[in-house]
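Structure assessment
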Amino acid sequence: FSIVEVGFTPTIPHCSMATLIGLCIRVKLLRSLPRRFKVTVKINPGTHASEQAVNRQLDDKERVCAALENTHLLGVVNKCIREGMNSS
């Protein structure tokens, strides 16, 4: 396996969309990279109030799969990937 590790900084320490942002990054990488890559997405240390909880969710394969089985959430993730995370 090759490893890709991505750290990101949410816009504010209490960003309610941190998990969604991390999920979008993870899904985009998983779709873009060959299967031999192991993808890890985490919040940069000290940049979010719930850093450990969000990182645990993003690192849990079963939770990520379950989230992507949710049709509405998958639609949101696809839209974020397609249009970017900018609110312009």
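Structure: see above.
Bear in mind the structure is a predicted one, so any value in this text is a computation, not a measurement. (Residues numbered from 1 in each chain as written. Predicted model: local features only at pLDDT ≥ 70, side-chain atom pairs only at ≥ 80, totals over all residues. Heavy atoms only, no water.)

1. A word on the packing of helix α1 (residues 18-32) against helix α2 (residues 51-59)
Each packed pair of helices is defined by two parameters, the angle between the axes and the distance between the axes. Relative to each other, α1 and α2 sit at 30°, their axes nearing to 10 Å. In terms of crossing hand, the pair formed by α1 and α2 is right-handed. For the pair α1 and α2, contact is made by Ala18, Thr19, Gly22, Leu23 and Arg26 and by Val54, Gln57 and Leu58, respectively. In the contact of α1 with α2, the residues fall into four nonpolar, three polar and one charged. (Axes fitted to C-alpha atoms, helices over the stretch in contact; angles between N-to-C directions. Helix = DSSP H or I, 4+ residues; strand = E, 2+ residues; numbered from the N terminus. Left-handed = near helix turned anticlockwise from the far one by under 90°. Contact = heavy atoms within 4.5 Å. Nonpolar A, V, L, I, M, F, W, Y, C, P; charged D, E, K, R; others polar.)

2. What about the side chain of Asn55?
Note that Asn55 resides in helix α2. Here Asn55 is in contact with Val41, Lys42 and Ile43, once residues within four sequence places are set aside.

3. Description of α2
Burial in α2 covers these residues: Glu51, Val54, Asn55 and Leu58. For α2, the buried positions fall inside an angular range of 100° around the axis, keeping them on one side. For α2, the exposed residues set more than 90 degrees away from the buried face come down to Gln52 and Arg56. If you follow the buried residues of α2, they end up packed against β1 (2-8), α1, β2 (37-43) and α3 (61-69). (Buried < 20%, exposed > 50% of the residue type's maximum accessible area, 1.4 Å probe, protein only. Arc of directions from axis to C-beta.)

4. Let's talk about the packing of α1 against α3
Contact geometry of α1 with α3 gives a least axis separation of 12 Å together with a crossing angle of 90°. On the basis of the axis angle, α1 is roughly perpendicular to α3. Between α1 and α3, the contacting residues are Leu23, Arg26 and Val27 on the first element and Lys61, Val64, Ala67 and Leu68 on the second. (Parallel < 35°, antiparallel > 145°, perpendicular 65-115°, else oblique.)

5. Observations concerning the side chain of Thr40
By the secondary structure assignment, Thr40 is in strand β2. Its relative accessible area of 11% is what places Thr40 among the buried residues. Ignoring sequence-local partners within four residues, the contact set of Thr40 consists of Val4, Glu5, Val6, Arg26 and Asp59.

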